[in-house]
Amino acid sequence: MLIAIEGIDGSGKGTQTARLAETLRREGRSVATLGFPRYAETFFGARIGEFLNGRFGSLAEVDPFLVSLLFAGDRFESKQRLLDAIAEHDVVLLDRYVASNIAHQSCKAAVESRGELREWIERIEYDIYGLPRADRVILLDIPAEVSRELVARKAPRDYTDQMADLQEADSVYQASVREVYRALAATDERWRTIDVTRDGELRTLDEVAADVRAAADCG
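My aim in this report is to walk through the structure given alongside it, one point at a time.

What follows concerns the overall build of the protein. A count of helical and extended segments in the protein gives nine helices and seven strands. Here the protein holds 219 residues, and the buried ones make up 51% of them. Sequence-distant contacts in the protein: of pairs separated by 6 or more residues, those separated by 24 or more amount to 76%. If you sum the accessible surface of the protein, you get close to 10500 Å²; carbon and sulfur atoms cover 49% of it.

Structure, rendered in structure tokens:
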């Protein structure tokens, strides 16, 4: 089973991916995890890091379709590793996948162009590059203003020496990404949405983890 964990920056994807992997292993399942982008492992991943550090311009200056090619290329370089993991394990957990590319790039396009951009990204990633579709997509839903506070607490990353990259630093952008994620979740039966907050307050990691395990629906 291929499960993707999605959400805006600071929503807890890495933490909940690791916790779900630990839970499934305790249940006796063979589990592999993989996170995207793979900044230090692929050519395209390194270019994504440069993009997020502003080398190619601001978020508004770089065409979103061209940016989508970087993220798709990172996964294409990782395709064999992903296929091997699927062949060798019961469950493969992904910290971000194709939906992340769709959400982050579509939100920068005019509303009337978002459907076309989604189709282009899916055509490249699934049809041309032949990446497998996720069996389940779990959306960790969090307001952008809360996610920004959590981003500020992140440990240093290997692709940037800044406190926040171009995407993380823009709360308006993050809110737009969230909007697209929620729209995707509302139109696809493979998606499950988990609220990271309740009444404006963060839920505990254990509470969210329990919901994520239920949403994984892998027996």
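Moving on, there is more to tell.
Our next topic: the nonpolar core. Leu94, Tyr97 and Ile138 are the most contacted members of the largest nonpolar core, which totals 60 residues. The dominant element in this core, judged by the number of residues it contributes, is helix α8 (residues 171-186), at six residues.

The strand order across the open sheet built from five strands is β2-β3-β1-β4-β5, with neighbouring strands paired in parallel fashion. The open sheet has two edge strands, β2 (31-35) and β5 (191-195), and neither has a second partner. Across the sheet, the mean angle from the axis of one strand to that of its neighbour is 20 degrees, orientation sign disregarded. Pairing analysis gives four bridges linking strand β1 (residues 2-6) to strand β3 (residues 91-95), with the strands arranged parallel. Note on β3: the bridge partner recorded for isoleucine 3 is leucine 93. Strands β1, β2, β3 and β4 (136-141) of the sheet are contacted by helix α1 (residues 13-26), whose axis makes an angle of about 170 degrees with β3.

One can describe the packing of helix α5 (residues 98-106) onto helix α6 (residues 114-128) by two numbers: an axis separation of 10 Å at closest approach and a directional angle of 150 degrees. Between α5 and α6, the crossing angle belongs to the class labelled roughly antiparallel. Along this stretch, α5 crosses α6, giving a crossing that reads as right-handed. Facing α5, whose interface residues are Val98, Asn101, Ile102, Gln105 and Ser106, α6 presents Arg114, Leu117, Arg118, Ile121, Glu122, Glu125 and Tyr126. When its residues are assigned to classes, the contact of α5 with α6 shows five nonpolar, three polar and four charged.

This next bit is on the packing of aromatic side chains. All chains considered together, the criterion is met by five aromatic pairs. Judged by centre distance (4.4 Å) and plane angle (25 degrees), the rings of phenylalanine 76 and tyrosine 129 are stacked. With phenylalanine 76 in helix α3 (residues 64-77) and tyrosine 129 in the loop between α6 and β4, the pair connects residues that are 53 residues apart, well separated along the chain. Here tyrosine 181 and tryptophan 191 contribute two aromatic rings whose centre-to-centre distance is 6.3 Å and whose plane-to-plane angle is 55 degrees, an arrangement assigned as tilted. Of this pair, tyrosine 181 sits in helix α8 while tryptophan 191 is found in strand β5, placing the two residues 10 residues apart along the sequence. Of the residues examined, tyrosine 181 reaches a relative accessible area of 1% and is grouped as buried. Judged by its relative accessible area of 9%, tryptophan 191 falls in the buried class. Stacked on the ring of phenylalanine 43, the Lys or Arg arginine 47 has its end atom at 4.8 Å from the ring centre.

One way to put it is that α1 packs onto helix α9 (residues 205-216) with a least axis distance of 10 Å and a crossing angle of 65 degrees. Considering only the axes of α1 and α9, their crossing is right-handed. On the side of α1, the interface is formed by Thr15, Gln16, Arg19, Leu20, Thr23 and Leu24, while α9 contributes Leu205, Asp206, Val208, Ala209, Val212, Arg213 and Ala216. Of the residues belonging to the contact of α1 with α9, the class tally is seven nonpolar, three polar and three charged.

Moving on: helix α2 (residues 43-52). The periodicity of an α-helix, 3.6 residues per turn, causes residues three or four positions apart to be oriented the same way. Where α2 is concerned, the buried positions are Gly45, Ile48, Gly49, Glu50, Phe51 and Leu52. Buried residues belonging to α2 abut α3. The N-cap of α2, judged by a side-chain oxygen 2.7 Å from the amide nitrogen of glycine 45 a few residues on, is threonine 42. Phi for glycine 54, located one or two positions after α2, is positive at around 95 degrees.

Reading the values: rules and limits
Residues numbered from 1 in each chain as written. Predicted model: local features only at pLDDT ≥ 70, side-chain atom pairs only at ≥ 80, totals over all residues. Heavy atoms only, no water. Helix = DSSP H or I, 4+ residues; strand = E, 2+ residues; numbered from the N terminus. Buried < 20%, exposed > 50% of the residue type's maximum accessible area, 1.4 Å probe, protein only. Contact = heavy atoms within 4.5 Å. Areas by Shrake-Rupley, 256 points an atom, 1.4 Å probe, with all protein chains shown as cover. Core = buried A, V, L, I, M, F, W, Y, C linked by side-chain atoms within 4.5 Å. Pairing = 2+ DSSP bridges. Axes fitted to C-alpha atoms, helices over the stretch in contact; angles between N-to-C directions. Parallel < 35°, antiparallel > 145°, perpendicular 65-115°, else oblique. Left-handed = near helix turned anticlockwise from the far one by under 90°. Nonpolar A, V, L, I, M, F, W, Y, C, P; charged D, E, K, R; others polar. Phe/Tyr/Trp six-rings, centres within 6.5 Å; stacked < 30°, edge-to-face > 60°. Lys NZ or Arg CZ within 6 Å of the ring centre and 35° of its normal. Polar contact = N/O pair within 3.5 Å; in protein donor to acceptor, adjacent residues only side chain to side chain.

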